Amino acid sequence: MMDLVSGRFGRYFPCLADPARRSSIGLKAALVALHLVYAGVLFLCDADLIQKTKREPWYTALYVALFVVTLIQYFVTAGSSPGFVIDAMRAINEADTLFGTIGVAKHAASSKNGSLNLTVDSSQSARSGSTSWSKVVMELYPPGTQIRTFTCGYCSIEQPPRAKHCHDCDKCVLQFDHHCVWLGTCIGQRNHCRFWWYLCEETALGLWTVILYCSYLKTSIARAWWRDVIMILLLITLIIALIFLLLLLLFHSYLILTNQTTYELVRRRRIPYLRSVPERVYPFSQGICRNLYNFCCARTSITDLERLPTALEIEEKSRPYTCCDFLTCRCC
Ligand SMILES: [Zn+2]
Ligand SMILES: [Zn+2]
């Protein structure tokens, strides 16, 4: 019966033929519906808000603008690529085909922020010889690391440090954070910033909606008991969702400031390159300011890959803080 229904759906709406795609579209529709219900009930029940809109239209216009921007941000983030390893490999192979060879240049600036910049430079290529994706990835690991230790067992491609295979997307993701069910996509190197902005906007919208519900209940309570019950129930669920969003936003802000991912934080003891790193030492952190800059502005290219820190760098990061470190802003 279900096959028959899905077959007919698939014939008229080809995009709904795939069950995974159907559930993803269903989740997105549910999220939009939830937003419309919470805001719609408010505008239907709150006569004072309608009066206020007539007196001060800019107030409601700002709320509606935040509502629309949040939904747009949700769809943009859901439709963005997290940065797949296969795409980085193709980009490098294409450059390799076009220019013959790829020069892997460790610039002073890039080694300072712990990443390798891949530049096509024929003069350097001639000196260093031809390189492939495997060689590029090898450069990111300490010398002597076996290639099979960082080859994905599912895609059979070499993973740069911090990449992980996602079983939902069936691809390896660069700087894998987590697979978000609500967005229907992975969060990784290329969309983590968008995801943070989405959390920020959703939290602001939730907070503003809670304030509007509270002001309605303050002025209109006991006019119609059934209406108040509905509003109180919606307010309770909204407050629970807001607390969750706020904690998630704080958690991701902490990850960004310390240059970590959710996966690295949760599975620290199971990730080979993090096992030997002492607790409270963030191996990829370059200081709060540089971490923020890298997160917001620097990592725009898919071929901008981070290398593993050396044992000496880890030792330097493990050194306890002294008064001199605080004066020189070592943590920044
Ligand atoms: Zn994989
Ligand atoms: Zn995924």
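Reading the values: the criteria
- Residues numbered from 1 in each chain as written.
- Chains lettered and ligands numbered in written order.
- Predicted model: local features only at pLDDT ≥ 70, side-chain atom pairs only at ≥ 80, totals over all residues.
- UniProt positions renumbered as here; feature names shortened; annotations may be inferred.
- Helix = DSSP H or I, 4+ residues; strand = E, 2+ residues; numbered from the N terminus.
- Contact = placed C-beta atoms within 7 Å.
- pLDDT = per-residue confidence, 0-100.
- Core = buried A, V, L, I, M, F, W, Y, C linked by C-beta atoms within 7 Å.
- Buried ≥ 20, exposed ≤ 12 C-beta atoms within 10 Å, placed from the backbone.
- Axes fitted to C-alpha atoms, helices over the stretch in contact; angles between N-to-C directions.
- Parallel < 35°, antiparallel > 145°, perpendicular 65-115°, else oblique.
- Left-handed = near helix turned anticlockwise from the far one by under 90°.
- Nonpolar A, V, L, I, M, F, W, Y, C, P; charged D, E, K, R; others polar.
- Expected span 1.5 Å × (residues − 1).

Per an unreviewed UniProt entry, the protein chain is named S-acyltransferase, and its organism is Punica granatum. Its UniProt record gives the protein chain a comment under Subcellular location (unreviewed entry), which states: "Endomembrane system". Listed in UniProt under the heading Sequence similarities (unreviewed entry), the comment for the protein chain reads: "Belongs to the DHHC palmitoyltransferase family."

**Q** For the overall build of the protein chain, give the residues involved together with the corresponding values.
**A** Each helix and strand counted, the protein chain has 15 helices and 7 strands in total. Taking all contacts inside the protein chain whose residues are at least 6 apart in sequence as the whole, residues at least 24 apart take part in 64%.

**Q** Tell me what's going on with the confidence of the model for the protein chain, and back it up with residues and numbers.
**A** A residue-level look at the protein chain finds 81% of positions with pLDDT of 70 or above and a mean pLDDT of 82. Looking across the protein chain, the model is least confident in helix α7 (residues 122-128), with a mean pLDDT of 40, and most confident in strand β3 (residues 164-166), with 96. Predicted confidence for residues 102-114 stays below pLDDT 50, and this span has 37 contacts to residues more than four positions away or in other chains.

**Q** Lay out the environment of T60 in plain terms, naming residues and giving numbers.
**A** Mapped onto the elements of the fold, T60 is located in helix α4 (residues 57-79). Measuring from C-alpha to C-alpha, the distance between T60 and I50 comes to 9.0 Å, with 10 residues separating the pair along the chain.

**Q** An account of the environment of Y273 is requested, with residue identities and associated values reported.
**A** Inspection of the secondary structure puts Y273 in helix α12 (residues 272-275). Sequence-distant contacts of Y273, defined by excluding residues within four places in its chain, comprise P161 and L308.

**Q** Now, about the nonpolar core: what can you tell me, with residues and values included?
**A** If you look at the biggest cluster of nonpolar residues, it comprises 29 residues, and the most contacted ones within it are V85, A88, A163, C172, V173 and F176. Among the secondary structure elements, those contributing two or more residues to this core are α4, α5 (85-99), α8 (133-140), β4 (171-173), β6 (185-187) and α9 (192-220). With residues up to four places along the chain from it excluded, the contact list for F176 reads A163, K164, C166, C186, G188, T261 and Y263. Within the second largest apolar cluster, 5 residues are counted, among which are C45, Y213, Y216 and M231.

**Q** Which residues make up the packing of α4 against α9, and what values go with them?
**A** Between α4 and α9, the least distance of the axes is 9 Å, while the angle of their chain directions is 150°. With respect to their mutual orientation, α4 and α9 come out roughly antiparallel. Once α4 is placed against α9, the crossing between them reads as left-handed. Every residue of α9 that contacts α4 at Y63, L66, F67, V69, T70, Q73, Y74, V76 and T77 is listed here: R194, F195, W197, Y198, E201, E202, A204, L205 and W208. Here the residues of the contact of α4 with α9 sort into 12 nonpolar, 3 polar and 3 charged.

**Q** Just give me the short version of helix α10 (residues 225-257), but keep the residues and values in it.
**A** In a regular helix each residue adds 1.5 Å, so 33 residues correspond to 48 Å; α10 covers 47 Å between its end C-alpha atoms and thus fits that length. Where α10 ends, the next residue or the one after it, N259, has phi of about 50°, a positive value.

**Q** Help me get a handle on unusual backbone geometry, residues and values and all.
**A** One non-glycine residue, R162, lies in the positive phi region at around 80°. Along the chain, R162 turns up in the loop between α8 and β3. Classification of R162 as buried rests on a count of 25 C-beta atoms within 10 Å. In this structure, N259 takes a positive phi of about 50° despite not being glycine. Take N259: it is sitting in the loop between α10 and α11 (262-266).

**Q** Give a description of the UniProt feature "transmembrane region" (unreviewed entry) in the protein chain that names residues and reports values.
**A** Per the UniProt record, "transmembrane region" (unreviewed entry) is annotated on residues 25-45, 57-76, 195-217 and 229-257. The span residues 57-76 shows a helical share of 100% and a strand share of 0%, and its end C-alpha atoms are spaced 28 Å apart. Spanning residues 229-257, this segment combines 100% helix with 0% strand, and its end C-alpha atoms are found 42 Å apart.

**Q** Explain the packing of helix α2 (residues 19-45) against α9 to me, using residue names and the numbers behind them.
**A** Two elements in contact, α2 and α9, have axes separated by 11 Å at closest approach and are oriented at 30°. The orientation of α2 with respect to α9, classified from their angle, is roughly parallel. Crossing geometry of α2 relative to α9 is assigned as left-handed. Within the contact between the two elements, α2 uses Y38, A39, L42 and C45 and α9 uses T209, L212, Y213 and Y216. Among the residues forming the contact of α2 with α9, the class breakdown is 7 nonpolar, 1 polar and no charged.

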